[in-house]
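Examining the three-dimensional arrangement
Spelled out from the first residue to the last, the chains are:
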Amino acid sequence: MHALLLIDIQNDFIPGGALAVKEGDQIVPLANSLQKSFKLIIATQDWHPQNHGSFAANQPGKNIGEIILLNGLDQILWPVHCVQNTPGAAFHPNLKMDKINRIFPKGTDPEIDSYSGFFDNGHKKDTGLAKYLQQNEVNEVSICGLATDYCVKYTAIDAANLGFKTNVIIDACRGVELNPGDIEKAIREMKETGVQIIESSAVL
Ligand code: VGL
Ligand code: ZN
């Protein structure tokens, strides 16, 4: 079984949102068309409590973009985003939802961030996604969504390391690019882990 993973296609990552990814909205039509090629479709949802430690607003004297230690792990401080049950955390209104089999929330523990759809950033707790894929006899995953250099990258690297044949549909992803070159670097790191970088035309 080959599953499609839609990563964090949420309002806060779309232009106008709290942590807007440039051209983030442009992937939505592709994410919808891609669904026609898959029988198993999974979405991840960044789903933070208001007091999440990755929010600069919760770290007195610290600014967005600064790196702090959060429970022993380097943590980039982000604007308040994807707070549970707020419009920013909702999926993009044009994202086709009726064929999505399961949604995996992540980033729910205020003490640790979770870029990957599989594990938190310390690899201490898992979301249940790996088990769900195994139960559905998935051996291959194709990944698209937001953001290339964070949640897409970490999800893809975990998938490859878990033994899934892993593809990232790169034209159906957009990145944050906090520093110039971050997207290229993410692509390099994914390739080094055995992730295949493909175009949607190879699937559609
Ligand atoms: C993400 C930063 C913080 C992402 C989530 O979805 O790539 N990036 N939280
Ligand atoms: Zn987040």
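Note: the structure precedes this text.
Sequence positions are assigned chain by chain, starting from 1 and proceeding in written order. All chains are assigned letters beginning at A, and all ligands numbers beginning at 1, according to the order in which they are written. Residue-level local features of this predicted model are given only where pLDDT is at least 70; pairs of side-chain atoms are given and counted only at 80 or more, and the full residue set underlies all totals for whole chains, interfaces and linings. To get the side-chain values, all heavy atoms of the structure are used, and hydrogens and water are removed first.

Overview of unusual backbone geometry
Each neighbour pair has its own omega, and for Leu146 with Ala147 the value is -5°, a cis peptide bond. Residue position: Ala147 is located in the loop between β6 (140-146) and α3 (148-161). The phi dihedral of Cys82 is positive, around 45°, even though this residue is not glycine. The phi torsion at His123 lies on the positive side, around 55°, for a residue other than glycine. Working definition: helices are DSSP H or I runs of at least four residues, strands are E runs of at least two. Numbering for both runs from the N terminus.

Description of the sheet that holds strand β2 (residues 40-46)
Pairing between sheet strands relies on hydrogen bonds along the backbone, with the strands arranged either parallel or antiparallel. The strand order across the open sheet formed by six strands is β5-β2-β1-β6-β7-β8, and the pairing between neighbours is parallel. Strand pairing shows two members of the sheet lacking a second neighbour, β5 (102-106) and β8 (196-198), which therefore form its edges. Each neighbouring strand pair of the sheet contributes to a mean axis angle of 25°, computed without reference to strand direction. The pairing criterion for strands is at least two bridges between them, as found by DSSP. Geometry is summarised by axes, namely lines fitted to C-alpha atoms with helices restricted to the contacting stretch, and by angles between N-to-C directions that run from 0 to 180 degrees.

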